[in-house]
Amino acid sequence: MTPQALKSLLIPYQTALATAETASATAAISNLFDPNAQMNLCNPFGTGKGPQALLSSLGPLMAAMPDLERRDMIVLAGTTPEGTDWIGTCGNYMGTFTAPWLSIQPTGHLTHMRYHEFFRIKDGKIMEMQAIWDIPEVMMQAGVWPMVPQLGKYLCTPAPMTQDGLTASGDGSATMQHVLDMLTALCRHPKEPVDAMDLPRFWHPRFNWYGPAGVGTARGIYGFRHWHQIPFLQAMPDRGLDPEGLHSHWVAEGAYTCETGWPNMRLTITQDGWLGIPPTGQQITLRSLDFWRLEGGLIRENWVLVDLLDMYAQLGVDVFARLQMFNKARNLGAIGISSGLPA
């Protein structure tokens, strides 16, 4: 299918979740997803089959934020080099957080949560979904993130500077190849000196790297090195060396490209420095769903989501159990907000 035809298929899903009413969301998801669709959802939701797996995750979120809305910032579609059709979406869920969700204390205020959701299409139906919701981002807004502080900046992740993430089109093969070449260069270190990564050849001097909550956002090569790359590579220098069984799916349009993998990285935590995790020598896998935008032939913006909650679970750390320990001294009741008018 053409990219535009693929995007057209997703419109009922986007429209229904733009206002996230239960009836319309249920109808759209039930009609669009194959009954046996493989649903790969972030921790703590796990994997499942068919529309109900997604609806059972969305339902409590809509109950916690009754005015929930889905705001797409980037939508890309196309056929991967392997011949499968995928749609990648990046945006923010937003709503007034008035009731507990996943043991997170409500705030009564507007709350945002970035999502990267990818959909594999066949015969007009969604056959697979790979999705990460940035749940730690909600914890941080509620002041209840139970893990270490992030090194990067915290912010509500913005749309592309060019405001064209919903209208991207055209041949993106050069964009995809640039990013693939960049990733190949990254994996030259530590076998080769750090300069072998050749960051200035691939990245714009003023690029923004929008990492997941828990890692944070970085600006430019220096910020990228200090707030993400140095801790990450120091702790797990074997990244990229064991690709067996890992899969990535790539599509590109114009100046944009995106990748999803479930998982797409395997690493061993052998040194200190990343997220306060001790160097236990334990191997982990990471699910990373990413978007890139090029400007002048260089990467200007990079949106990255990693399922950090799944990573902690692999290490035997239950982030939600730790959160619930704090909740023993918190009021988790629903919040009622008045009209503000005189009685």
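Bear in mind that the values here come from a model prediction, so they are computed numbers and not experimental data.

Focus on the side chain of Q150
Step number 1: Note on placement: Q150 falls in the loop between α4 (135-141) and α5 (173-186).
Step number 2: Residue Q150 is classed as buried on the basis of its relative accessible area, which comes to 14%.
Step number 3: Engagement of the side chain of Q150 in a polar contact is seen with the backbone oxygen of G152, the distance being 3.1 Å.
Step number 4: There is a polar contact of 2.8 Å between the side chain of Q150 and the backbone nitrogen of G214.
Step number 5: Here Q150 is in contact with M140, P212, A213, G214, V215 and G216, once residues within four sequence places are set aside.

Some details on the packing of aromatic side chains
Step number 1: Scanning the model with the defined rule gives 14 aromatic pairs in all.
Step number 2: Taken together through their ring pairs, the aromatic side chains of F45, Y93, Y115 and W133 make up a single cluster.

Comments concerning the sheet that holds strand β9 (residues 249-253)
Step number 1: Reading across from one edge, β8-β7-β14-β13-β10-β9 is the order of the six strands in this open sheet, with mixed pairing throughout. With partners counted over all chains shown, the strands left at the sheet margins are β8 (217-219) and β9, one partner each. Taking each pair of neighbouring strands and ignoring which way they run, the sheet shows an average axis angle of 15 degrees.
Step number 2: In this structure, β9 lies alongside strand β10 (residues 256-260), joined through five bridges in antiparallel fashion. Looking at β10, one finds that V251 is bridged to C258.
Step number 3: Helix α7 (residues 220-235) contacts β7 (203-210) and β8 of the sheet and is inclined by roughly 145 degrees relative to β8.

Parameters and conventions
Residues numbered from 1 in each chain as written. Predicted model: local features only at pLDDT ≥ 70, side-chain atom pairs only at ≥ 80, totals over all residues. Heavy atoms only, no water. Helix = DSSP H or I, 4+ residues; strand = E, 2+ residues; numbered from the N terminus. Buried < 20%, exposed > 50% of the residue type's maximum accessible area, 1.4 Å probe, protein only. Polar contact = N/O pair within 3.5 Å; in protein donor to acceptor, adjacent residues only side chain to side chain. Contact = heavy atoms within 4.5 Å. Phe/Tyr/Trp six-rings, centres within 6.5 Å; stacked < 30°, edge-to-face > 60°. Pairing = 2+ DSSP bridges. Axes fitted to C-alpha atoms, helices over the stretch in contact; angles between N-to-C directions.

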